[in-house]
Amino acid sequence: MKAKFLITALFFTTTLVMADCCSESTQKNIHIEQPLVRPAQVGTNTGAYMKIKLDCMKATDTLLSAECNVCERVELHDHINDNGIMRMRPIHNVIIKDGEVNFKPGGLHIMLMGLKRDLKEGETLKIRLNFEKAGAIDINYTIKNPVA
Ligand SMILES: [Cu+2]
């Protein structure tokens, strides 16, 4: 009888701790790792890459858009296999779930279109990421070729 009570108590404690850890996505529990933008010349397009991590595996958020003032337009892109040829296509948003989403060459990326100036290796570039729950987060990207 006592053991059963203890197990029940333990179960509720664990549930409460998990609920706390898995609270909504906020600026505090969302992390952007290895933010990189591929070097490029004025007038061309380039890609921005990073890993988006959430502290809790169960929390989710959605990347709605990105903003940057060195280009004409910013789009979220993915790659699809079109009869063996990988093609980029614009997507509306990116859902962050299972703890992380990886933006990498050949996959998801932020497309910076119509650059107004050269992006030289070693410089940094601020890009604003707009999340549904966490809101706007400004990230300093390093201009550097990503490892494919
Ligand atoms: Cu693209």
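Criteria and cut-off values
Residues numbered from 1 in each chain as written. Predicted model: local features only at pLDDT ≥ 70, side-chain atom pairs only at ≥ 80, totals over all residues. Heavy atoms only, no water. Donors = N, O, S within 2.8 Å, 3.2 Å for Na, K, Ca; no water. Tetrahedral: all angles 85-135°; square planar, octahedral: opposite > 155°, others 65-115°. Helix = DSSP H or I, 4+ residues; strand = E, 2+ residues; numbered from the N terminus. Salt bridge = Lys/Arg side-chain N within 4 Å of Asp/Glu carboxyl O. Buried < 20%, exposed > 50% of the residue type's maximum accessible area, 1.4 Å probe, protein only. Pairing = 2+ DSSP bridges. pLDDT = per-residue confidence, 0-100. Contact = heavy atoms within 4.5 Å. Core = buried A, V, L, I, M, F, W, Y, C linked by side-chain atoms within 4.5 Å.

1. Comments concerning the coordination of the copper ion
The protein atoms donating to the copper ion are His77 (ND1), Met88 (SD), His109 (NE2) and Met111 (SD), with metal-donor distances spanning 2.0 to 2.3 Å. Around the copper ion, the four donor atoms sit at angles spanning 92 to 121°, and that spread fits a shape best called tetrahedral. Between consecutive donors of the copper ion, the numbers of intervening residues give the motif H-x10-M-x20-H-x1-M. Of this pair, Met88 sits in strand E5 (residues 85-91) while His109 sits in strand E8 (residues 109-115), placing them 21 residues apart in sequence.

2. As for the environment of Leu108
Within the secondary structure, Leu108 sits in the loop between strand E7 (100-103) and E8. Measuring from C-alpha to C-alpha, the distance between Leu108 and Gly47 comes to 9.4 Å, with 61 residues separating the pair along the chain.

3. What to know about the pattern of salt bridges
Overall, the coordinates contain eight salt bridges when judged by the stated rule. With a closest N to O distance of 3.7 Å, Glu100 and Lys51 form a salt bridge. Placement of Glu100 in strand E7 and of Lys51 in strand E2 (residues 46-54) is noted, with a sequence separation of 49 residues between them. The partner of Arg87 in a salt bridge is Asp82, and the shortest N-O contact between them spans 2.6 Å.

4. A few points about the pairing of E7
One face of the sheet, then the other: side chains in a regular strand alternate in exactly this way. Judged by which residues are buried, E7 turns out to be one-sided: Val101 and Phe103 face inward and are buried, whereas Glu100 and Asn102, on the alternate face, are not. For E2 and E7, the ladder comprises four bridges, and the chain directions are antiparallel. Residue Lys51 lies in a different strand from E7, and its bridge partner there is Asn102.

5. Details of the confidence of the model for the protein chain
For the protein chain, the mean per-residue pLDDT works out to 88, and 84% of the residues sit at or above 70. Low pLDDT, under 50, characterises residues 13-17; the predicted model gives this stretch zero contacts beyond four residues in sequence or across chains.

6. Focus on the environment of Ala66
Summarising the element assignment, Ala66 is placed in strand E3 (residues 61-67). Sequence separation of Ala66 and Met111 is 45 residues, and the distance between their C-alpha atoms is 9.2 Å. Other than its neighbours up to four places away in sequence, Ala66 contacts Val74, Ile110, Ile127, Arg128 and Leu129.

7. Side note on the nonpolar core
By size, the foremost hydrophobic cluster in this structure holds 35 residues, and its most contacted members are Ile110, Ile127, Leu129 and Phe131. When near neighbours in sequence (up to four residues on either side) are disregarded, Leu129 contacts Ile32, Met50, Leu63, Ser65, Ala66, Ile110, Gly135, Ala136, Ile137, Ile139 and Tyr141.

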